[in-house]
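# Structure assessment
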Amino acid sequence: MQPGCMHQPWRVKIIKIMVLLHSADGMAWQSPPKGTSLKTLSEAEEQGFILIRGEFQKRQFRLTELGSDYVERDKRRLEARRL
């Protein structure tokens, strides 16, 4: 099996967190995108990218300054790759 084909759980975790961060509409409190697990929210909060508030069904998140900066850098990186 080639090294690039091996299952890499850390990569899946990062992709889920990036989808969550990129789905944010600014830094206001908002509902996470449909299908976002509590585990993904918790992992993003542990890394300092978001803040979470609310109960199980009414959970909301917002980007921290670190999360906002990370998304902006990633958007610029993606745009540069398209050019």
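Here's what I pulled together on the structure shown here.

Cut-offs used in this document
Residues numbered from 1 in each chain as written. Predicted model: local features only at pLDDT ≥ 70, side-chain atom pairs only at ≥ 80, totals over all residues. Heavy atoms only, no water. Helix = DSSP H or I, 4+ residues; strand = E, 2+ residues; numbered from the N terminus. Buried < 20%, exposed > 50% of the residue type's maximum accessible area, 1.4 Å probe, protein only. Lys, Arg positive; Asp, Glu negative; His and termini not counted. Salt bridge = Lys/Arg side-chain N within 4 Å of Asp/Glu carboxyl O. Contact = heavy atoms within 4.5 Å. Phe/Tyr/Trp six-rings, centres within 6.5 Å; stacked < 30°, edge-to-face > 60°. Pairing = 2+ DSSP bridges.

### Quick word on the side chain of Glu43
Inspection of the secondary structure assignment puts Glu43 in helix 2 (residues 38–46). Although Glu43 is buried, it makes no salt bridge; Lys13 carries the closest opposite charge, 4.1 Å away. In contact with Glu43, not counting residues within four places along its chain, are Lys13 and Ile17.

### Quick word on the packing of aromatic side chains
Each aromatic ring pair is characterised by the separation of its centres together with the angle its planes make. The full count for this structure, using the stated rule, is 1 aromatic pair. With centroids separated by 4.9 Å and ring planes inclined at 40°, the aromatic side chains of Phe49 and Tyr70 adopt a geometry described as tilted. Of the two residues, Phe49 is situated in the loop between helix 2 and strand 1 (50–53) and Tyr70 in helix 3 (residues 65–82); the sequence distance between them amounts to 21 residues. On the basis of relative accessible area, Phe49 is assigned to the buried category, the value being 8%. Residue classification places Tyr70 among the partly exposed residues on the basis of a relative accessible area of 30%.

### Some details on the pattern of salt bridges
What the rule picks out here adds up to 2 salt bridges. A salt bridge links Arg77 to Asp74; its shortest N-O distance comes to 2.6 Å. With Arg77 and Asp74 both in helix 3 and 3 residues apart, this pair spans about one turn of that helix. Accessibility expressed as a relative area gives 42% for Arg77, which makes it partly exposed. A relative accessible area of 11% places Asp74 in the buried class.

### Describing the side chain of Thr64
Among the structural elements, Thr64 can be located in the loop between strand 2 (60–63) and helix 3. On the accessibility criterion, Thr64 (15% relative accessible area) is buried. Filtering out sequence-adjacent residues up to four positions away, Thr64 remains in contact with Met27, Gly48, Phe49, Ile50 and Leu51.

### As for the pairing of strand 2
A regular strand carries its side chains on alternate faces of the sheet. Of the two faces of strand 2, only the one carrying Phe61 and Leu63 is buried; Gln60 and Arg62 on the other face are not. As paired strands, strand 1 and strand 2 are joined by 4 bridges and run antiparallel to one another. What sits directly across from Ile52, in strand 2, is Phe61. The hairpin turn running from strand 1 into strand 2, its antiparallel successor, is 6 residues long, and Gly54 in that turn takes a positive phi close to 100°.

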